[in-house]
Amino acid sequence: MFADWRDETRGVPPIVLIVDHALRGGSKDEAARVQAWARAKGLEAHILSWKGRKPVSGIEGKAREARYALMGEWCAAHDVPSLLVAHTLEDQAETFLLRLGRGSGVDGLAAMAPRAAFPVAGFERVEVLRPLLEIGRAELRAFLSTRAISWLEDPMNEDSRFARARLRKALPMLEAAGVSARRIAEAARHLSRARQALEAATKGFLANHARVEEGDFALLDAAALARTDRETGLRALSGLLMLVSGKAYRPRFERLENLFDSIIGGTFAAARTLCSCRISRAPKARAVFGPATLLIAREPRRGNGA
């Protein structure tokens, strides 16, 4: 499809990035095969290897972060503004179900967007595009089969140690019960529209009731937070924590709710920490919203004797 796109548009030739996580034997050889396939189609292709000691737990999440960091570094170094990834309809459904199992709110259940900010901090100039979100795996395999093109199957996709692999095996049973991957993806799209409306409301709230200052801190009007609707308030608090900490992911929803409830319920007294931030009452000199002003500051890094 990349090659066809290049031929039809005659635009900037796309470049293929292949990540070798080096988590199992044979991955290096498979990466080289994919590189050869891409080059045979006339495409520039590069292998990016995840080096160093590999994790023994949380492999899925850490591998994801590592591969996006590798690709983000390559894109940033070569002034590439867009990274296209091949997430499919089933990937969207699996993401929805994974987040449903974690008790995610609207943002999480909206799942993956066709166009999104880079998921790892530090690569703000690179965006992620997902052109295949409405295409099923069976359609892609049929596309390849009709062209007599072979492909590789990653055995880790069948490894029941991983939550996504377990959900993948459960999808046919859900389909038989009338809950298809396409229906799940449609639900995610509906929630995506709700997320957009909430984002607009949150942006308006922060413009009026928060200030982000130089020096890795922000100020928030806790009284206004208590007056707004709960969903907007949670999003505003989460957004400030992410902005100050520089993290790409929201804090765990349960911990965020606990902090939010202590703020609006009047039980917030001593400083709290969340998302690598320290949340406390602002000193009088910085109480721009009056005595209810909160100070959200990045936690100092722990060093050796620093």
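Along each chain, residues carry numbers from 1 onward, in the same order as the chain's sequence is written. Reporting of local features is limited, given that this is a predicted model, to residues whose pLDDT is at least 70; pairs of side-chain atoms are given and counted only at 80 or more, and all residues count toward the totals for whole chains, interfaces and linings. Remark: hydrogens and water are excluded; side-chain values derive from all non-hydrogen atoms of the structure.

K.L.:
Help me out: how do you make sense of the overall build of the protein chain in this one?
P.N.:
In terms of regular secondary structure, the protein chain is built from eleven helices and ten strands. The principal-axis extents of the C-alpha atoms in the protein chain amount to approximately 70 × 50 × 40 Å. Three labels apply to residues, based on accessible area from a 1.4 Å probe with only protein chains included: buried if under 20% of the type maximum, exposed if over 50%, partly exposed otherwise in between. Taking all 306 residues of the protein chain together, the buried fraction comes to 38%. Contacts in the protein chain between residues at least 24 apart in sequence constitute 61% of all its contacts with a sequence separation of at least 6. Accessibility throughout is a Shrake-Rupley quantity obtained with a 1.4 Å probe, and a residue counts as covered only by protein chains that appear here. On the protein chain, roughly 18,000 Å² of surface is accessible, and the fraction owed to carbon and sulfur atoms is 53%. In DSSP terms, a helix is any run of H or I states spanning at least four residues, a strand is any run of E spanning at least two, and both are numbered starting from the N terminus. Contacts are assigned to residue pairs that have any heavy atoms within 4.5 Å of one another.

K.L.:
Mind showing me how you'd approach the environment of D107 here?
P.N.:
Tracing the backbone through its elements, the reader meets D107 in helix α5 (residues 106-109). D107 gets classed as buried once you look at its relative accessible area, which sits at 12%. In contact with D107, not counting residues within four places along its chain, are R99, R195, R235 and R250.

K.L.:
Which parts of the structure should I look at to understand unusual backbone geometry?
P.N.:
As a rule of thumb, non-glycine residues mostly have phi less than zero, and peptide bonds are mostly trans rather than cis. Phi at A111 is positive, roughly 60 degrees, even though this residue is not glycine. On the secondary structure map, A111 appears in the loop between α5 and β4 (115-117). Looking at A111, the relative accessible area reads 6%, which means it is buried. The phi dihedral of A148 is positive, around 55 degrees, even though this residue is not glycine. Note that A148 resides in the loop between α6 (137-146) and α7 (163-176). Since its relative accessible area comes to 74%, A148 is described here as exposed.

K.L.:
What is the right way to read the sheet that holds β4 from this model?
P.N.:
Sheet strands pair via backbone hydrogen bonds, and the direction of the pair is either parallel or antiparallel. Here, any two strands with at least 2 DSSP bridges between them count as paired. Spatially, three strands are ordered β3-β5-β4 in an open sheet, and the strand pairing comes out mixed. Of all strands in the sheet, those bounded by a partner on one side alone are β3 (82-84) and β4. Between one strand axis and the next, the sheet turns through 30 degrees on average, direction left out of account. Axis geometry follows a simple rule: fit a line to the C-alpha atoms, using only the stretch in contact for helices, then measure angles between N-to-C directions, giving values from 0 to 180 degrees.

K.L.:
Looking at this model, I keep getting lost on the side chain of E94. Mind explaining?
P.N.:
For E94, the position within the fold is in helix α4 (residues 89-101). Residue class for E94 comes out buried when judged on its relative accessible area of 0%. Sequence-distant contacts of E94, defined by excluding residues within four places in its chain, comprise R137, R164, L167, R168 and L171.

K.L.:
I would appreciate a short explanation of the nonpolar core in the present structure.
P.N.:
Within soluble globular proteins, side chains that are nonpolar generally end up buried alongside one another. In this description, a nonpolar core means a group of buried Ala, Val, Leu, Ile, Met, Phe, Trp, Tyr and Cys residues linked to one another through side-chain atoms lying within 4.5 Å. If you look at the biggest cluster of nonpolar residues, it comprises 25 residues, and the most contacted ones within it are L220, L237, L241, L259, I263, I279 and I296. Where this core is concerned, the elements lending two or more residues are β7 (217-221), α9 (222-227), α10 (230-245), α11 (253-264), β9 (277-281) and β10 (293-298). If you tally residues by element for this core, the top one is α10, at six residues. Apart from the residues lying within four places of it in its own chain, the contact partners of I279 are L241, L259, F268, A271, R272, T273, L274, L294, L295 and I296. The next biggest cluster of nonpolar side chains, apart from the first, holds 18 residues, and it includes C75, V120, F123 and V126.

K.L.:
Help me understand the pattern of salt bridges in this model?
P.N.:
Two side chains with opposite charge may pair up if their charged atoms get near one another. Here a salt bridge means any side-chain nitrogen of Lys or Arg lying within 4 Å of a carboxyl oxygen belonging to Asp or Glu. On inspection of all chains with the given rule, the structure shows 19 salt bridges. For E153, the salt bridge is made with R141, and the minimal N-O distance between the two is 3.4 Å. Of the two residues, E153 is situated in the loop between α6 and α7 and R141 in helix α6; the sequence distance between them amounts to twelve residues. A residue is classified by how much of its surface remains accessible, and E153, at 46% relative accessible area, is partly exposed.

K.L.:
Just to check I follow, could you spell out the packing of helix α8 (residues 181-209) against α10 for this structure?
P.N.:
Helix packing for two helices is described by the angle between their axes and how far apart those axes are. It is the contact of α8 with α10, at a shortest axis distance of 9 Å, that shows an interaxial angle of 70 degrees. Between α8 and α10, the crossing angle belongs to the class labelled roughly perpendicular. As for the relative orientation of α8 and α10, their crossing is right-handed in sense. On the side of α8, the interface is formed by R195, L198, E199, A201, T202, F205 and L206, while α10 contributes E231, T232, R235, A236 and L240. Here the contact of α8 with α10 is built from residues that sort into six nonpolar, two polar and four charged. Any angle from 65 to 115 degrees is called roughly perpendicular, while one under 35 is roughly parallel, one over 145 is roughly antiparallel, and all others are oblique. Working rule for handedness: look at the near helix, and if it is turned counterclockwise from the far one by less than a right angle, call the crossing left-handed; if clockwise, right-handed. Here the nonpolar group is Ala, Val, Leu, Ile, Met, Phe, Trp, Tyr, Cys and Pro; Asp, Glu, Lys and Arg are the charged ones; every other residue, Gly included, is treated as polar.

K.L.:
Is there a simple way to explain the packing of aromatic side chains in this structure?
P.N.:
Two numbers describe a pair of aromatic rings. These are the distance of the centres and the angle of the planes. Note on aromatic pairs: the rings of Phe, Tyr and Trp (six-membered ring only in Trp) are paired at centre separations within 6.5 Å, and the planes decide the class, stacked below 30 degrees, edge-to-face beyond 60, tilted for the rest. As enumerated under the stated definition, the model contains three aromatic pairs in all. Judged by centre distance (6.0 Å) and plane angle (15 degrees), the ring pair of F2 and W5 falls under stacked. With F2 and W5 both in helix α1 (residues 2-9) and three residues apart, this pair spans about one turn of that helix. You can call F2 partly exposed: its relative accessible area is 27%. Ring geometry for F118 versus F123: centroids 5.3 Å apart, planes at 65 degrees, classification edge-to-face. For F123, a relative accessible area of 13% puts it in the buried group. Through successive ring pairs, a cluster of aromatic residues spans Y68, F118 and F123. Over the ring of W50 we find K54, and its NZ or CZ is 5.3 Å from the ring centre. Only when the NZ of Lys or the CZ of Arg is both within 6 Å of the ring centre and within 35 degrees of the ring normal is a charge said to sit over the ring.

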